[in-house]
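The primary structure of each chain is shown beneath.
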Amino acid sequence: MNFAEKMFALRKSNDLTQEQLAEKLNVSRQSVSKWESGQATPDLEKLIAMSQIFDVTTDYLLKPSEIDELSVKTEILEKQQQRLLNREKRQSRLIRCLLYSVAVYLLFLTVYFIGHFYFEIWNPSVILAEFLVATGIVVFLWAKIWMKENKETR
């Protein structure tokens, strides 16, 4: 793996565009493009800055190696896998919250119908109070679930 390939792989694995990397290095996007295509090489100052941005050594950037290609690809796959896992956790959390919400509102409706048919409570203020209590419970459950998940991801 030569310098141009390493630079391209590192930029992609850090989710940077050519323009974003150029901005961090205080160069033009065209310079980054030329470095990645092998048409030019950066000066020493820019190599040192790149090594700091990508958190690698300058030796790693400059010395060719086939093992490096495998490790960079592995890192890219690990990051993609982590993003997929995080997305799946968010979806799972959302589904769980929605199911809890449905359960609470079904319980509210059950209490409403029991009160209406057995105790003949037909007062709109009681219905509104029950609805507000159910909504408060739903909000509390959502907040508790979201806070718990945020603590686990830290």
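Whatever comes next refers back to the structure up there.
Nothing here was measured: the structure is a model prediction, and the numbers come from that model. (Residues numbered from 1 in each chain as written. Predicted model: local features only at pLDDT ≥ 70, side-chain atom pairs only at ≥ 80, totals over all residues. Heavy atoms only, no water.)

1. Thoughts on the overall build of the chain
Phase 1: When you go through the chain residue by residue, the secondary structure sums to seven helices and zero strands.
Phase 2: Ordered by position from the N terminus, the helices and strands of the chain form the series α-α-α-α-α-α-α.
Phase 3: A globule of 154 residues ought to have a C-alpha radius of gyration of about 15 Å, yet the chain, at 28 Å, is considerably larger.
Phase 4: Taking the principal axes of the C-alpha coordinates as reference, the chain spans close to 85 × 30 × 20 Å. (Helix = DSSP H or I, 4+ residues; strand = E, 2+ residues; numbered from the N terminus. Rg over C-alpha atoms; globule rule 2.2 N^0.38 Å.)

2. Considering helix H2 (residues 18–25)
Phase 1: Within the span of H2, buried status applies to Gln 18, Leu 21, Ala 22 and Leu 25. One side of H2 carries all its buried residues, which in axial view fall inside an arc of 100°. Residues of H2 that are exposed and angled more than 90 degrees away from the buried face: Glu 19, Glu 23 and Lys 24.
Phase 2: Buried residues along H2 sit against helix H1 (3–13), helix H3 (29–37) and helix H4 (44–54).
Phase 3: After H2 finishes, the residue Asn 26 shows a positive phi value of roughly 60°. (Buried < 20%, exposed > 50% of the residue type's maximum accessible area, 1.4 Å probe, protein only. Arc of directions from axis to C-beta. Contact = heavy atoms within 4.5 Å.)

3. Concerning H1
Phase 1: Within H1, eight of the eleven residues are buried, which leaves the element mostly enclosed by the surrounding structure.
Phase 2: Every buried residue of H1 is accounted for by Phe 3, Ala 4, Lys 6, Met 7, Ala 9, Leu 10, Arg 11 and Ser 13.
Phase 3: Of the residues that open H1, the one with a side-chain oxygen 3.2 Å from the backbone nitrogen of Ala 4 is Asn 2.
Phase 4: Phi turns positive, to about 55°, at Asp 15, one or two residues after H1. (Polar contact = N/O pair within 3.5 Å; in protein donor to acceptor, adjacent residues only side chain to side chain.)

4. Focus on the packing of H2 against H3
Phase 1: Where H2 meets H3, the closest approach of the two axes is 8 Å, and the angle between their N-to-C directions is 110°. The angle between H2 and H3 falls in the class roughly perpendicular. Contacts between H2 and H3 involve Gln 18, Glu 19, Leu 21, Ala 22 and Leu 25 on the former and, on the latter, Arg 29, Val 32, Ser 33, Trp 35 and Glu 36.
Phase 2: Its residues assigned to classes, the contact of H2 with H3 shows five nonpolar, two polar and three charged. (Axes fitted to C-alpha atoms, helices over the stretch in contact; angles between N-to-C directions. Parallel < 35°, antiparallel > 145°, perpendicular 65-115°, else oblique. Nonpolar A, V, L, I, M, F, W, Y, C, P; charged D, E, K, R; others polar.)

Function cannot be inferred from these measures alone, as they are strictly geometric.
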